[in-house]
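Secondary and tertiary structure notes
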Amino acid sequence: MDSITLPYSLQLEVPFETAKQAIIAASTLSPDPILKPNEVSVNYKSDENKLICQFQAVSDRVIRVAVSNVIENIKTIIECIDEFDGKEDQYFN
Amino acid sequence: MSSLIPKATYSAPDLDESKIFTPGDGIHTTDGQTTQISDIVINAGGEDRDKPTEAKDTPLGHLRAELTTLQDQINIFLTERMKQEKNKQSEQEEADIERRILDDGVDEDDSD
């Protein structure tokens, strides 16, 4: 993606308790397709226990929508991990 | 205080320095200012059926609340920038119309 056409950028760093949780978060977000790749790009990766989301967009309006939507998804992921991680015996046996 | 602190770094062509967002030391909740249903619906007695659950008293629960604060900060900051950009565009359009009328003698209502 040509960064010149997407001049507005935001990097979001979300630390988790473990590297595994950060990998789960990145893997969960990654399949979600970008609907307008000519207007916004989002890259997800994990670095140790951190989830790193890199947004680039054509305008403030577009980056605001993308960032807010992804944060909503991350909050759901955090809630799921908080509820279920390490509790396999409790919930699935 | 939570040990898991989210952070965001924003940059734009018109900013000399990046803007860094951190939740800060205040009270954080999952009930975000910018993610609720509209004031119009609330004032009409509407209920937010998708209201998030309260944060648990765990490191991840605190992270979810702090991330909501960070989301509010980013949304408010970017909304303000969008307003400023819109105002700039309106002023520019007014200046263009004024210049065309005064300098070129163009009458906007003249259909010929």
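Residues numbered from 1 in each chain as written. Chains lettered and ligands numbered in written order. Predicted model: local features only at pLDDT ≥ 70, side-chain atom pairs only at ≥ 80, totals over all residues.

**Some thoughts on the overall build of chain B**
The secondary structure content of chain B amounts to 2 helices and 2 strands. Helices and strands appear in chain B in the N-to-C order β-β-α-α. Whereas a compact globule of 112 residues would reach a radius of gyration of roughly 13 Å, chain B reaches 22 Å, over 25% beyond that. Per-residue burial over chain B gives 21% buried out of 112 residues. (Helix = DSSP H or I, 4+ residues; strand = E, 2+ residues; numbered from the N terminus. Rg over C-alpha atoms; globule rule 2.2 N^0.38 Å. Buried ≥ 20, exposed ≤ 12 C-beta atoms within 10 Å, placed from the backbone.)

**As for the packing of helix α2 (residues 60-84) of chain A against helix α2 (residues 59-104) of chain B**
Where α2 of chain A meets α2 of chain B, the axes come as close as 10 Å, and the angle between the chain directions of the two elements is 175°. Here α2 of chain A lies roughly antiparallel to α2 of chain B, going by the angle between them. Across the contact of α2 of chain A with α2 of chain B, the residue classes break down as 12 nonpolar, 6 polar and 9 charged. (Axes fitted to C-alpha atoms, helices over the stretch in contact; angles between N-to-C directions. Parallel < 35°, antiparallel > 145°, perpendicular 65-115°, else oblique. Nonpolar A, V, L, I, M, F, W, Y, C, P; charged D, E, K, R; others polar.)

**Examining unusual backbone geometry**
Residues and elements named next belong to chain A. A positive phi angle, close to 55°, is found at E48, a residue other than glycine. Tracing the backbone through its elements, the reader meets E48 in the loop between β2 (40-47) and β3 (50-57). The exposed category is assigned to E48, around which 9 C-beta atoms lie within 10 Å.

**What to know about the interface of chain A and chain B**
Chain A puts 24 residues into the contact, and the matching count from chain B is 27 residues. At the level of elements, β1 (8-15) and α2 of chain A are the ones that each hand at least two residues to the side of chain A that touches chain B. Broken down by element, the residue count for the side of chain A that touches chain B peaks at 13 residues, all from α2 of chain A. When its residues are assigned to classes, the side of chain A that touches chain B shows 13 nonpolar, 3 polar and 8 charged. As paired elements, β1 of chain A and strand β1 (residues 7-11) of chain B share 5 bridges and run antiparallel to each other. In the sheet register, L12 of chain A faces β1 of chain B, and the bridge partner there is A8 of chain B. (Contact = placed C-beta atoms within 7 Å. Pairing = 2+ DSSP bridges.)

**As for the packing of helix α1 (residues 19-29) of chain A against α2 of chain A**
All names here are of chain A. Between α1 and α2, whose axes approach to 10 Å, the crossing angle comes to 135°. By the angle between their directions, the pair α1 and α2 is classed as oblique. Handedness of the α1/α2 crossing: right-handed. Contacts between α1 and α2 involve Q21, I24, A25, T28 and L29 from the first element and V70, N73, I74, I77 and I81 from the second. Here the contact of α1 with α2 is composed, by residue class, of 7 nonpolar, 3 polar and no charged. (Left-handed = near helix turned anticlockwise from the far one by under 90°.)

**Quick word on the sheet that holds β1 of chain A**
Taken together, the 5 strands give an open sheet; going across it, the order is β2(A)-β3(A)-β1(A)-β1(B)-β2(B), and neighbouring strands pair in antiparallel fashion. Among the strands making up the open sheet, the edge pair consists of β2 of chain A together with β2 (19-21) of chain B. Each strand of the sheet is rotated relative to its neighbour by a mean of 15°, with strand direction disregarded. Looking at chain direction, β1 of chain A and β3 of chain A are connected through 8 bridges and run antiparallel. For Y8 of chain A, the partnering residue across the bridge sits in β3 of chain A and is A57 of chain A. Against the sheet, α1 of chain A touches β2 and β3 of chain A, its axis set at about 160° to β2 of chain A.

**What about the confidence of the model for chain B?**
Taken over all residues, the pLDDT of chain B has a mean of 87, while the share at 70 or more is 91%. Prediction confidence for the complex, expressed as pTM and ipTM, is 0.84 and 0.89 respectively. (pLDDT = per-residue confidence, 0-100.)

**Thoughts on the environment of T18 of chain A**
Residues and elements named next belong to chain A. Here T18 is to be found in the loop between β1 and α1. Overall, T18 belongs to the partly exposed group, with 13 C-beta atoms counted inside 10 Å. Along the chain, T18 and N49 lie 31 residues apart, while their C-alpha atoms are 5.0 Å from each other.

**Remarks on the pairing of β2 of chain A**
Residues and elements named next belong to chain A. Of the strand pairs in this sheet, β2 and β3 are connected by 8 bridges, and their pairing is antiparallel. Considered in β3, the bridge of D47 is made with K50. Taking the residues between adjacent antiparallel strands as the criterion, β2 and β3 are bridged by 2 residues, where E48 takes a positive phi near 55°.

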